[in-house]
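Fold and geometry: a report
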There are 2 protein chains.
Amino acid sequence: MIQNLTEHDREQLQEALGKSGQKVTPQREAVFTVLLAQRDHPTVDEVFQRAREVMPGLSLATVYNCLETFVGCGLVRQVNHERESTRYCPNLAPHAHFRDKATGRVHDIELPPEVLKSLRSILPPGFDSEVIEISFHGRAQSGEQTSN
Amino acid sequence: MIQNLTEHDREQLQEALGKSGQKVTPQREAVFTVLLAQRDHPTVDEVFQRAREVMPGLSLATVYNCLETFVGCGLVRQVNHERESTRYCPNLAPHAHFRDKATGRVHDIELPPEVLKSLRSILPPGFDSEVIEISFHGRAQSGEQTSN
DNA sequence: CTTGCGGATTAGACTCATTCTAACTGATTA
DNA sequence: TAATCAGTTAGAATGAGTCTAATCCGCAAG
């Protein structure tokens, strides 16, 4: 069910944590593994449930801590929709999110550089943006599977 | 401080509420007035404080109810940023939001139709979006005053 | 070894925006 | 007048997220 990390993924984890002076711990590895295993934008609670299967003693607080750490060192992105629980996404490429009204599922939508650029261009002078979040809300025909 | 509604604004309120079978009440009028008087994307609590000056008996629950009603009949938009308190915005033209890291203030950014169109175009077939939310996060040079 | 240190983890208490509930109000209808 | 019904109200309940204080664990110094 939940595979171990590949060499590559473990290196990515190690490098990102190392850069911000933090260590790879079993808990962090477990949480990261869970994120990569099923790229469906899980909530903290879902991550918690899944990680528990692998590491039963893991606490919710630690899941919060791990995810915060990952966000801090750029390993994962937070996805917020309205005021629902925050979700987490290990896709680092620039992308938008599509929230399916019917299922609640979140799909990643690739964001071509030229669209990103045209978006940036609408900012009046003096506004300097580091982060742009784009989210769609609507219906996806069932069968659509942008699992990422 | 808080002006009364103009004829035009009162009509807008009446029409929007009427369309969804609801009435203009003193509380709703007060809340709407507050929203129009200071277009700084107030939180529920801020609306509550301001409306109280005009209608001291007003309850927080009612402010929640009024705002929900307004959103439901398309009179105002909700603005969410990360997991902070929801803010409200009576600007109905399509626009993005810019959240100033330093001050926490939210500015409206005009959204040209062609940019909106290019955004829609990135959706794969089968995805049909009703709402698009775009929010920037960064720094605005002090002095920038997009109060809307 | 064993001691001490510091970051990581843990359980549980706490916060606070929002939602829910049940009682009340006041206008309108029967 | 009584019944009805949307709207309002105060306060309780919810629940995601944060904080706190105690514990754990790996490691470097003695």
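A separate point is the packing of helix H1 (residues 7–19) of chain B against helix H2 (residues 26–37) of chain B. All names here are of chain B. Direction vectors running N to C along H1 and H2 enclose 125 degrees, while the axes themselves pass 11 Å from each other. Taken together, the axes of H1 and H2 lie oblique to each other. With respect to the hand of their crossing, H1 and H2 are arranged in right-handed fashion. Two secondary-structure elements touch here, H1 through Asp9, Arg10, Gln12, Leu13 and Leu17 and H2 through Arg28, Glu29, Phe32 and Leu36. Each residue belonging to the contact of H1 with H2 can be placed in one class, and the counts come to four nonpolar, one polar and four charged.

This brings us to the domain arrangement of chain A. Residue and element names in this part refer to chain A. Segmenting chain A into domains produces domain 1 (7–87) and domain 2 (93–138). Once you take the C-alpha centre of each, domain 1 and domain 2 turn out to be 23 Å apart. Taken together, the contacts link six residues of domain 1 with nine residues of domain 2. Both sides of the domain 1 and domain 2 interface together cover about 840 Å² of buried area, and 48% of this is carbon and sulfur. Counting the surface domain 1 buries against domain 2, the share from its top three residues, His41, Arg77 and His81, is 62%. Along the contact surface separating domain 1 from domain 2 lie one salt bridge. We note a salt bridge from Arg99 to Glu84, for which the minimum N-O separation is 3.3 Å. The interface formed by domain 1 and domain 2 includes four residue pairs in polar contact (both at pLDDT 80 or more). Classifying every residue of the side of domain 1 that touches domain 2 by side-chain character gives one nonpolar, two polar and three charged.

This paragraph deals with the pattern of salt bridges. In this structure the tally under the stated criterion is 14 salt bridges over all chains. Here the salt bridges share partners, and the residues they tie into one network are Glu7, Arg10 and Glu29 of chain A.

What follows concerns helix H2 (residues 26–37) of chain A. Here H2 of chain A is twelve residues long and its end C-alpha atoms lie 16 Å apart, about the 16 Å a rise of 1.5 Å per residue gives. Of the positions making up H2 of chain A, those classed as buried are Arg28, Ala30, Val31, Phe32, Thr33, Val34, Leu35 and Leu36 of chain A.

Moving on, we come to the relation of the copies chain A and chain B. Related by rotation about an axis and a shift along that axis, the two copies of the chain form a pair. With an RMSD of 0.1 Å, chain A superimposes on chain B once it is rotated by 180 degrees and translated 0.0 Å along the axis. Classification of the inter-copy transformation places it as that of a two-fold axis. Taking C-alpha positions as reference, the residue of chain A nearest the rotation axis is Ile134 of chain A, located at 2.3 Å. A shared binding surface is used by both copies, with 100% of the interface residues of chain A retained as interface residues in chain B.

Further remarks concern the protein's contact with DNA strand D. Around DNA strand D, 15 residues are found, and the nearest of them are Thr86 of chain A together with Thr25, Ser59, Thr62 and Arg83 of chain B. Take the atoms of DNA strand D that sit within 4 Å of the protein: sugar and phosphate atoms are 84% of them. Here Gly57 of chain B contributes a backbone N or O atom positioned 3.4 Å from a phosphate oxygen of DNA strand D. Contacts to DNA strand D include Arg83 of chain B, whose side-chain N or O atom sits 3.0 Å from a phosphate oxygen. In terms of residues, the surface near DNA strand D owes the most to one element, helix H4 (residues 60–72) of chain B, which gives three residues.

Further remarks concern the interface of chain A and chain B. Counting residues at the interface gives 39 residues for chain A and 39 residues for chain B. Roughly 3,200 Å² is buried in total at the junction of chain A and chain B, and carbon and sulfur atoms are behind 56% of that figure. Inspection of the chain A/chain B interface yields two salt bridges. A salt bridge links Lys101 of chain A to Glu130 of chain B; the shortest N-O distance between them is 2.6 Å. In this structure, the connection of chain A to chain B is made through 15 residue pairs in polar contact (both at pLDDT 80 or more).

Analysis parameters
Residues numbered from 1 in each chain as written. Chains lettered and ligands numbered in written order. Predicted model: local features only at pLDDT ≥ 70, side-chain atom pairs only at ≥ 80, totals over all residues. Heavy atoms only, no water. Axes fitted to C-alpha atoms, helices over the stretch in contact; angles between N-to-C directions. Helix = DSSP H or I, 4+ residues; strand = E, 2+ residues; numbered from the N terminus. Parallel < 35°, antiparallel > 145°, perpendicular 65-115°, else oblique. Left-handed = near helix turned anticlockwise from the far one by under 90°. Contact = heavy atoms within 4.5 Å. Nonpolar A, V, L, I, M, F, W, Y, C, P; charged D, E, K, R; others polar. Domains from an automatic or database assignment. Buried area = accessible area lost by both parts, 1.4 Å probe. Salt bridge = Lys/Arg side-chain N within 4 Å of Asp/Glu carboxyl O. Polar contact = N/O pair within 3.5 Å; in protein donor to acceptor, adjacent residues only side chain to side chain. Expected span 1.5 Å × (residues − 1). Buried < 20%, exposed > 50% of the residue type's maximum accessible area, 1.4 Å probe, protein only. Least-squares fit on C-alpha atoms with pLDDT ≥ 70 in both. Near = heavy atom within 4 Å.

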